[in-house]
Amino acid sequence: MLSRSSFTSLVVGVFAVYVAHTCWVMYGIVYTRPCPAAAGGGAAGCVWPYLARRPKLQLSVYTTTRSNIGAENNIDLVLNVEDFDIESKFERTVNVSVPKKTRNNGTLYAYIFLHHAGILPWHDGKQVHIVSPLTTYMVPKPEEINLLTGESDTQQIEAEKQTNALDEPVSHWRSRLTLNVMVEDFVFDGSSLPADVHRYMKMVQLGKTVHYLPILFIDQLSNRVKDLMVINRSTTELPLTVSYDKISLGKLRFWIHMQDAVYSLQQFGFSEKDADEVKGIFVDTNLYFLALTFFVAAFHLLFDFLAFKNDISFWKKKRNMIGMSTKAVLWRCFSTVVIFLFLLDEQTSLLVLIPAGIGAVIELWKVKKALKMTIKWQGIRPKIQFGTYNDSEKKTEEYDTQAMKYLSYLLYPLCIGGAGYSLLNVKYKSWYSWLINSFVNGVYAFGFLFMLPQLFVNYKMKSVAHLPWKAFTYKAFNTFIDDIFAFIITMPTSHRLACFRDDVVFLVYLYQRWLYPVDKSRVNEYGESYEEKPIKKTHRE
């Protein structure tokens with residue numbers, strides 16, 4: 001079997017290979033090899049850009065309830081840009097007529113044509129077009145009310161009144177349509193066309209050379225949940241903001257891969273909201289910061305794994321609770337479970353929810369170890385037994401109880417007062433939502449106070465040797481990484497502030513470690529000493 005050190009080295013090695021492979025793949029996406037024959041002026045095997053001829057183009061946007069059209073019947077022209085300049089950025093807002101079929105929970109499509117100026121798209125053999133749905137299906141967000149008075153900020157809209165249940169998805173309007181055209185005069189090698197771009201390319205034969213028509217692309221990553229609008233049956237027109245910007249070949253290929261990745265997440269069961277959190281990372285940050293985010297996220301996963309591994313290893317070997325605050329362990333378990341339920345109630349991104357759920361399971365297991373619980377089954381009825389504490393553990397428990405006694409004088413009135421204030425002044429979806437929010441606000445606002453019993457025990461015992469410092473080190477790295485993610489990933493404000501609160505807690509622990517250095521000559525609870533040297537066997541000559 002692998003030793004712990006070799007297993008950790010293996011994990012770090014696999015992580016390094018993964019990062020190197022990802023960097024190589026990203027380089028292959030951003031860099032595209034041009035056609036070798038183009039450098040010498042040859043045309044054999046090369047695919048040339050049609051835009052190099054500088055044609056006069058026109059952009060037309062139509063809407064229809066059908067997913068495919070063969071002629072100009074039953075379609076509405078909503079935007080027409082004559083003398084379209086592919087180099088000029090623009091943004092225009094138009095009003096779109098909403099058909100009755102769409103108002104009855106149907107779908108509306110946008111057809112975007114790029115064609116020669118003065119020629120209708122259906123009569124232009126060199127036109128390119130792309131289709132995008134302007135609607136999507138989502139469950140409406142429940143209305144928040146004052147639980148005592150029943151008042152709400154806004155009246156329930158007609159569509160929600162006519163919906164049988166709030167958990168039924170209804171049609172939502174996508175109020176933004178972002179278009180891009182690849183403007184580089186890039187000459188592709190016909191024998192090795194990139195698969196990602198190839199599906200967006202349309203080829204034409206002009207004389208002896210093959211040309212690709214303008215590559216038209218719809219940026220689906222810019223369609224955010226916050227921009228969605230519920231379509232009710234009384235709405236006849238809705239605003240649509242059409243924006244355009246040019247795009248380079250490298251960024252186009254990168255964006256195609258990111259859109260495919262988001263689509264894959266949805267195929268694996270991620271909701272529209274979860275996918276939206278990933279979209280926000282790509283859209284709301286520039287590419288350089290995005291690359292930094294990738295490396296930070298990769299190291300966060302590595303430190304998460306190492307922290308969980310060392311924490312589990314420490315508690316697995318733990319035979320007593322000398323120097324460890326039992327109440328701090330109980331509180332940490334309670335707060336972790338409450339935070340997990342709160343994030344679940346807020347429909348937070350799975351990027352935040354999954355690690356929180358794993359952490360909650362580990363904390364429940366640590367409580368079982370701290371209380372020395374054993375579960376014996378008597379038929380189908382479980383019987384829980386608790387172990388006994390020795391004199392040293394009872395001394396630690398005495399310090400722990402003393403710290404909690406003084407802490408309760410401050411903590412309980414603050415938590416009860418905060419819960420009462422929120423009930424009177426804040427609107428919630430349900431009583432359960434208020435209860436979870438009250439608990440989690442207490443955890444976030446005053447949770448660091450429950451770290452004080454462990455600090456008090458450390459102070460009384462003048463030692464920190466009993467703490468899992470390896471796990472603490474990895475958690476400390478992750479705490480500072482969380483500070484970065486607090487500005488990138490969408491999460492509740494209270495959860496974001498808690499990331500910075502944890503920084504202070506770790507700094508206090510580091511101060512105590514400096515104040516109470518570990519005596520390496522002292523035997524620990526496992527009967528081991530750091531300064532013990534193995535007795536070497538004598539060998540006969």
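Here the structure is a predicted model, which means the values were calculated and not measured.

What counts and how
Residues numbered from 1 in each chain as written. Predicted model: local features only at pLDDT ≥ 70, side-chain atom pairs only at ≥ 80, totals over all residues. Heavy atoms only, no water. Helix = DSSP H or I, 4+ residues; strand = E, 2+ residues; numbered from the N terminus. Buried < 20%, exposed > 50% of the residue type's maximum accessible area, 1.4 Å probe, protein only. Contact = heavy atoms within 4.5 Å. Areas by Shrake-Rupley, 256 points an atom, 1.4 Å probe, with all protein chains shown as cover. Salt bridge = Lys/Arg side-chain N within 4 Å of Asp/Glu carboxyl O. Patch = residues over 30% accessible without salt bridge, like charges linked within 9 Å, V, L, I, M, F, W, Y side chains within 5 Å. Expected span 1.5 Å × (residues − 1). Phe/Tyr/Trp six-rings, centres within 6.5 Å; stacked < 30°, edge-to-face > 60°. Lys NZ or Arg CZ within 6 Å of the ring centre and 35° of its normal. Pairing = 2+ DSSP bridges. Axes fitted to C-alpha atoms, helices over the stretch in contact; angles between N-to-C directions. UniProt positions renumbered as here; feature names shortened; annotations may be inferred. Polar contact = N/O pair within 3.5 Å; in protein donor to acceptor, adjacent residues only side chain to side chain. Core = buried A, V, L, I, M, F, W, Y, C linked by side-chain atoms within 4.5 Å. pLDDT = per-residue confidence, 0-100.

## Considerations on the overall build of the protein
Next, step 1: When helices and strands are tallied, the protein shows 15 helices and 17 strands.
Next, step 2: Residues classed as buried in the protein amount to 45% of the 541 residues present.
Next, step 3: Pairs at least 24 residues apart make up 77% of the contacts formed inside the protein by residues separated by at least 6 positions.
Next, step 4: With the model as given, the accessible surface of the protein reaches about 30000 Å², and the carbon-plus-sulfur share is 60%.

## Quick notes on the pattern of salt bridges
As a working rule, side chains carrying opposite charge can pair if their charged atoms are close by.
Next, step 1: What the rule picks out here adds up to 9 salt bridges.
Next, step 2: A salt bridge links Asp 185 to Arg 54; the shortest N-O distance between them is 3.1 Å. Separated by 131 residues along the polypeptide, Asp 185 in the loop between strand 9 (176-182) and strand 10 (188-189) and Arg 54 in the loop between strand 1 (46-49) and strand 2 (57-64) bring together distant segments of the chain.
Next, step 3: On the basis of relative accessibility, which here comes to 57%, the residue Arg 54 falls in the exposed class.
Next, step 4: Of the charged contacts in the structure, one is a salt bridge between Lys 366 and Glu 363, with a shortest N-O distance of 3.2 Å. Here Glu 363 and Lys 366 lie together in helix 10 (residues 350-370), a separation of 3 residues that amounts to about one turn. Each member of the pair, Lys 366 as well as Glu 363, is classed as buried.

## Some thoughts on a nonpolar patch on the surface
Next, step 1: Together, Phe 7, Leu 10, Val 14 and Phe 305 line one region of the surface with nonpolar side chains, adding up to about 350 Å² of accessible area.
Next, step 2: Tracing the backbone shows Val 14 in helix 1 (residues 4-30).

## Comments concerning helix 6 (residues 249-267)
Next, step 1: Here helix 6 spans 27 Å end to end across 19 residues, near enough to the 27 Å set by a 1.5 Å rise per residue.
Next, step 2: For helix 6, the full list of buried residues reads Leu 249, Gly 250, Leu 252, Arg 253, Phe 254, Trp 255, Ile 256, Met 258, Gln 259 and Val 262.

## Remarks on the packing of aromatic side chains
Next, step 1: For the structure on display, the rule yields 14 aromatic pairs.
Next, step 2: Residues Tyr 27 and Tyr 31 carry aromatic rings whose centres are separated by 5.7 Å and whose planes lie at 10 degrees to one another, so their mutual orientation is stacked.
Next, step 3: On the accessibility criterion, Tyr 31 (45% relative accessible area) is partly exposed.
Next, step 4: Plain terms: the ring middles of Phe 254 and Trp 255 are 5.8 Å apart, the flat faces sit at 40 degrees to each other, and that makes the pair tilted. Per residue, the accessibility class of Phe 254 equals that of Trp 255, and both read buried.
Next, step 5: Three or more aromatic residues joined by ring pairs make a cluster, and in this case those are Tyr 62, Tyr 111, Phe 113 and Trp 122.
Next, step 6: One cation-aromatic arrangement involves Arg 92 over Phe 90; the distance from NZ or CZ to the ring centre is 5.2 Å.

## Digging into the sheet that holds strand 15 (residues 237-247)
Next, step 1: Sheet architecture is open: 4 strands sit in the order 4-15-9-13, paired in mixed fashion. The strands lining the two open edges of the sheet, one partner per strand, are strand 4 (90-97) and strand 13 (216-218). The average undirected angle you get between the axes of adjacent strands in this sheet is 25 degrees.
Next, step 2: Across the sheet, helix 6 is in contact with strand 9, strand 13 and strand 15; its angle to strand 13 comes to roughly 40 degrees.

## Some words on the UniProt feature "transmembrane region" (unreviewed entry) in the protein
Next, step 1: UniProt's entry tags residues 7-27, 287-308, 329-344, 350-367, 406-424 and 430-452 with the feature "transmembrane region" (unreviewed entry), counted in the numbering of this structure.
Next, step 2: Helix makes up 100% of residues 7-27 and strand makes up 0%, while its end C-alpha atoms are separated by 30 Å.
Next, step 3: Regarding residues 329-344, the helix share stands at 100% and the strand share at 0%, and the terminal C-alpha atoms are separated by 23 Å.

## A short note on the environment of Gln 220
Next, step 1: Tracing the chain through its elements places Gln 220 in the loop between strand 13 and strand 14 (228-230).
Next, step 2: Gln 220 gets classed as partly exposed once you look at its relative accessible area, which sits at 23%.
Next, step 3: If we ignore the near neighbours within four places in the chain, the residues touching Gln 220 are Ser 132, Arg 174, Gln 259 and Lys 279.
Next, step 4: Of note is the side chain of Gln 220, whose polar atom sits 3.3 Å from the side chain of Ser 132.

## A closer look at the nonpolar core
Next, step 1: Counting 36 residues, the largest nonpolar core has Phe 84, Ile 112 and Leu 177 as the members making the most contacts within it.
Next, step 2: Not counting residues within four places of it along the chain, the set of residues in contact with Ile 112 comprises Leu 59, Ser 60, Val 61, Val 128, His 129, Ile 130, Leu 177, Leu 179, Leu 216 and Ile 218.
Next, step 3: Listed in part, the 22 residues of the second largest apolar core include Tyr 212, Phe 217, Phe 254 and Val 262.

## Some points on the confidence of the model for the protein
Next, step 1: In this model, the protein carries an average pLDDT of 77, and 76% of its residues clear a pLDDT of 70 or more.
Next, step 2: Scored below 50 in pLDDT, residues 523-541 shows 14 contacts in the model against residues more than four places distant or in partner chains.

## Examining unusual backbone geometry
A negative phi holds for most residues other than glycine; trans holds for most peptide bonds.
Next, step 1: Phi angles above zero are rare outside glycine, and Arg 54 is one such case at about 55 degrees.
Next, step 2: For Asn 105, which is not glycine, the phi torsion reads 70 degrees and is therefore positive.
Next, step 3: Positionally, Asn 105 belongs in the loop between helix 3 (100-103) and strand 5 (109-116).
Next, step 4: Residue Asn 105 is classed as partly exposed on the basis of its relative accessible area, which comes to 36%.

## Focus: the sheet that holds strand 8 (residues 170-174)
Next, step 1: Within the open sheet, the 3 strands sit side by side as 7-8-14. Their pairing is antiparallel. Edge positions in the open sheet fall to strand 7 (135-138) and strand 14, since each of these has one partner strand only. Sheet twist, expressed as the mean angle between neighbouring strand axes with direction ignored, is 45 degrees.
Next, step 2: In this sheet, strand 14 lies alongside strand 8 in antiparallel orientation, the contact comprising 3 bridges. Opposite His 172, over in strand 14, you have Val 230 as the bridge partner.

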